[in-house]
Amino acid sequence: MRKRFYFFFPILFILVDLLVVSIAFLTTQKVIGVSFPLENYTIETLFFLLLSWTSSSLLGKDFKIGRPSGYEKSITKGFKTIAVFLALFSFFVIFSNQQVLSRTFVLYFAGLLFLFIPTERVIIHLVVDKYRKWGGNYRNATIIGYDQLGFSLFDAINKNRNIGIRC
């Protein structure tokens, strides 16, 4: 069961990320008033956007949600991924032969990414925490030491089921 989680979670994480990036892109088009699909952009552009987001997210290992880590770490990773992605996106727009998007479009798109991605990461964190509380994605641990510190550690782990550790 544990191996399935580690295989499927990164794939699911990236797919949800791609969905959020696509929603941000489409919302920006709607707000700016650009018709879909963009007249001057091809399927290669969309493919590049999704590939560059996937690469940025995988290189940043965004899908690795540590057991005791809080939401701050996931949000920080998300901001770093957005920055790398926007740099790649900017280079693509500058060096492609296609018509350059307006600065307004890029600013709205970036703003929505900075709004949507952290929100998505917090939701994923909440879902993973709930899954761990239900007994999924756990690790077994042994506490060595029969003293007050060992008992305190045992109690702390048992009270915080969302870290996914069983003693």
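An account of the accompanying structure is given in this report. (Residues numbered from 1 in each chain as written. Predicted model: local features only at pLDDT ≥ 70, side-chain atom pairs only at ≥ 80, totals over all residues. Heavy atoms only, no water.)

## Some points on the overall build of the protein
Link 1 in the chain: If you tally the helices and strands in the protein, you get 5 helices and 2 strands.
Link 2 in the chain: Sequence-ordered secondary structure for the protein, helices as α and strands as β, is α-α-α-α-β-α-β.
Link 3 in the chain: Within the protein, buried positions represent 35% of all 167 residues.
Link 4 in the chain: Excluding contacts between residues fewer than 6 apart, the proportion of contacts in the protein whose partners are at least 24 apart in sequence is 85%.
Link 5 in the chain: On the protein, roughly 10700 Å² of surface is accessible, and the fraction owed to carbon and sulfur atoms is 68%. (Helix = DSSP H or I, 4+ residues; strand = E, 2+ residues; numbered from the N terminus. Buried < 20%, exposed > 50% of the residue type's maximum accessible area, 1.4 Å probe, protein only. Contact = heavy atoms within 4.5 Å. Areas by Shrake-Rupley, 256 points an atom, 1.4 Å probe, with all protein chains shown as cover.)

## What to know about the packing of aromatic side chains
Link 1 in the chain: According to the stated counting rule, one finds 7 aromatic pairs in the structure shown.
Link 2 in the chain: Both rings, one in Phe85 and one in Phe89, keep their centres 6.2 Å apart while their planes meet at 10 degrees; by these two values the pair is stacked. Taken as a pair, Phe85 and Phe89 lie in helix α3 (residues 71-95) at a separation of 4 residues, close to a single helical turn. Accessibility assignment for this pair places Phe85 and Phe89 in one class, buried.
Link 3 in the chain: Judged by centre distance (5.1 Å) and plane angle (70 degrees), the ring pair of Tyr146 and Phe151 falls under edge-to-face.
Link 4 in the chain: The exposure class of Tyr146 is exposed, given its relative accessible area of 75%.
Link 5 in the chain: Overall, the relative accessible area of 37% leaves Phe151 in the partly exposed class.
Link 6 in the chain: The structure contains a cluster of three or more aromatic residues connected by ring pairs, namely Phe25, Trp53, Phe85, Phe89 and Phe109. (Phe/Tyr/Trp six-rings, centres within 6.5 Å; stacked < 30°, edge-to-face > 60°.)

## Points about a nonpolar patch on the surface
Link 1 in the chain: Nonpolar side chains collect at one region of the surface, where Phe8, Ile11 and Leu15 lie side by side and expose about 300 Å² of accessible area between them.
Link 2 in the chain: Here Ile11 is to be found in helix α1 (residues 2-32).
Link 3 in the chain: Given a relative accessible area of 41%, Ile11 falls into the partly exposed group. (Patch = residues over 30% accessible without salt bridge, like charges linked within 9 Å, V, L, I, M, F, W, Y side chains within 5 Å. Salt bridge = Lys/Arg side-chain N within 4 Å of Asp/Glu carboxyl O.)

## Notes on the pattern of salt bridges
Side-chain pairs of opposite charge can arise whenever the charged atoms involved come near each other.
Link 1 in the chain: Summed over all chains, the structure comprises 2 salt bridges.
Link 2 in the chain: Among the salt bridges present, the one from Arg121 reaches Asp17, with a minimum N-O distance of 2.8 Å. Of this pair, Arg121 sits in helix α4 (residues 103-133) while Asp17 is found in helix α1, placing the two residues 104 residues apart along the sequence.
Link 3 in the chain: By relative accessible area, Arg121 is classed as buried at 3%.
Link 4 in the chain: Here Arg121 ties to Glu120 by a salt bridge, and the two come within 3.8 Å at their closest N and O atoms.

## As for the nonpolar core
One broad trend across soluble globular proteins is that nonpolar side chains are buried collectively.
Link 1 in the chain: With 23 residues, the main nonpolar core has Val21, Trp53, Phe85, Phe109, Leu113 and Ile117 as its most contacted residues.
Link 2 in the chain: Counting residues per element, the ones that place at least two in this core are α1, α2 (43-59), α3 and α4. (Core = buried A, V, L, I, M, F, W, Y, C linked by side-chain atoms within 4.5 Å.)

## Regarding the packing of α3 against α4
When two helices pack together, you describe them by how their axes are tilted relative to each other and by the distance separating the axes.
Link 1 in the chain: The N-to-C vectors of α3 and α4 enclose an angle of 150 degrees; their axes lie 9 Å apart at closest approach. Of the two elements, α3 crosses α4, and the hand of that crossing is right-handed. Contacts between α3 and α4 involve Tyr71, Ser74, Ile75, Lys77, Gly78, Phe79, Ile82, Phe85, Leu86 and Phe89 from the first element and Val106, Phe109, Ala110, Leu113, Phe114, Ile117, Pro118, Arg121, Val122, His125, Leu126 and Asp129 from the second.
Link 2 in the chain: Here the contact of α3 with α4 is built from residues that sort into 16 nonpolar, 3 polar and 3 charged. (Axes fitted to C-alpha atoms, helices over the stretch in contact; angles between N-to-C directions. Left-handed = near helix turned anticlockwise from the far one by under 90°. Nonpolar A, V, L, I, M, F, W, Y, C, P; charged D, E, K, R; others polar.)

## Quick notes on the side chain of Ser57
Link 1 in the chain: Mapped onto the elements, Ser57 comes out in helix α2.
Link 2 in the chain: Using a relative accessible area of 0% as the deciding quantity, one classes Ser57 as buried.
Link 3 in the chain: Polar side-chain contacts of Ser57 include one of 3.4 Å to the side chain of Asp17. (Polar contact = N/O pair within 3.5 Å; in protein donor to acceptor, adjacent residues only side chain to side chain.)

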